[in-house]
Amino acid sequence: MPPLLPFGVTRKLDKPKYRVYVCCGPNCGPKGSVALLDFLTEEVQRTGLGQQVRALPTGCQSHCESGPTMVVYPGPVYYQGVDEARIKRIVAEHLLGGEPVKEYFWTGVKRKIIPGQKPALPVPGAIKWQNIESDAGPTSPKREKSKRSYEDVDDFKW
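Residues numbered from 1 in each chain as written. Predicted model: local features only at pLDDT ≥ 70, side-chain atom pairs only at ≥ 80, totals over all residues. Heavy atoms only, no water.

**Student:** Could you give an account of the overall build of the chain, with specific residues and numbers?
**Tutor:** Counting secondary structure elements, the chain contains two helices and six strands. Reading the chain from its N end, one meets helices and strands in the order β-α-β-β-β-α-β-β. For the chain, restricting intrachain contacts to residue pairs at least 6 apart in sequence, the fraction spanning at least 24 positions comes to 60%. In the structure as shown, the chain presents an accessible area of about 10900 Å², 55% of it carried by carbon and sulfur atoms. (Helix = DSSP H or I, 4+ residues; strand = E, 2+ residues; numbered from the N terminus. Contact = heavy atoms within 4.5 Å. Areas by Shrake-Rupley, 256 points an atom, 1.4 Å probe, with all protein chains shown as cover.)

Below, the structure is given as structure tokens:
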């Protein structure tokens, strides 16, 4: 049992340095993302990063064509086409070394592919995701970037 603290004194819980979310949605799950999450967890433990990295599953990240995908916070840094070899390199260079692996960055167009339905295709020549049209019409307008530092933002509840 932890020692009692004086009234009004709280102990700050240690937050990990990195939070890593592996997509286990309807498209990435069948591509083996659950096994990749287990492999990532083992790799984090093997390298001694267990206290600094939390590896968790997440739902669809809307990067279905390039999945399985993984996102690392702070950032966010999105990785595409994740497999065991890429996870080893991401752990070594990004999580241990602090330098994201640019060759694996997600570079595609944000859209969801729902199993059994035809995917929404980009308009020819379109570069930005807000120009993509689907059966439901155009997507949301482009959002402005936050002026806050990424270190000040915690997108997920603990």
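**Student:** Go over the nonpolar core, please, and point to the residues and values.
**Tutor:** L40, M70, Y79 and L95 are the most contacted members of the largest nonpolar core, which has 21 residues in total. Residue contributions to this core peak at five residues, all from helix α1 (residues 33-46). Once residues within four sequence positions are removed from consideration, L95 is found in contact with Y18, V20, L49, V53, V72 and I90. (Core = buried A, V, L, I, M, F, W, Y, C linked by side-chain atoms within 4.5 Å. Buried < 20%, exposed > 50% of the residue type's maximum accessible area, 1.4 Å probe, protein only.)

**Student:** Now, about empty space enclosed by the protein: what can you tell me, with residues and values included?
**Tutor:** A complete count under the given rule lists one cavity of 30 Å³ or more for this structure. Lining the largest cavity, in full, are C23, G25, P26, N27, C28, C60, Q61, S62, H63, C64 and T69. When the residues that make up the lining of the largest cavity are grouped by side-chain class, the tally is five nonpolar, six polar and no charged. (1 Å grid on protein atoms, 1.4 Å probe; cavity = no way out; pocket = protein on both sides within 12 Å on 5 of 7 lines; lining within 4 Å. Points joined across faces, edges and corners; volume = space filled by probe spheres on them. Nonpolar A, V, L, I, M, F, W, Y, C, P; charged D, E, K, R; others polar.)

**Student:** Could you give an account of the packing of α1 against helix α2 (residues 84-96), with specific residues and numbers?
**Tutor:** At their nearest, the axes of α1 and α2 sit 10 Å apart, and the two run at 35 degrees to each other. Crossing angle aside, the handedness with which α1 passes α2 is right-handed. On α2, the residues that touch L36, F39, L40 and E43 of α1 are E84, I87, K88 and V91. Looking at the contact of α1 with α2 residue by residue, the class counts come to five nonpolar, no polar and three charged. (Axes fitted to C-alpha atoms, helices over the stretch in contact; angles between N-to-C directions. Left-handed = near helix turned anticlockwise from the far one by under 90°.)

**Student:** Go over α1 with me, naming the residues and quoting the values.
**Tutor:** Here α1 contains 14 residues, and its C-alpha end-to-end distance of 19 Å stays within 8% of the 20 Å for a straight helix at 1.5 Å per residue. When we look at burial in α1, the residues that qualify are S33, L36, L37, F39, L40, E43 and V44. Within α1, the buried residues cover an arc of 165 degrees as seen down the axis, which keeps them to one side. In this structure, α1 carries A35, E42, Q45 and R46 as exposed residues pointing more than 90 degrees from its buried face. Buried residues along α1 sit against β1 (18-23), β2 (53-58), β3 (70-73) and α2. Looking at the residues trailing α1, positive phi occurs at G48, about 80 degrees. (Expected span 1.5 Å × (residues − 1). Arc of directions from axis to C-beta.)

**Student:** Can you break down the pairing of β2 residue by residue, with the values?
**Tutor:** Strand direction decides the pairing type here: β1 and β2, joined by six bridges, are parallel. Across the sheet, the residue bridging to V20 is A55, located in β2. (Pairing = 2+ DSSP bridges.)

Keep in mind these numbers describe shape, not what the thing actually does.
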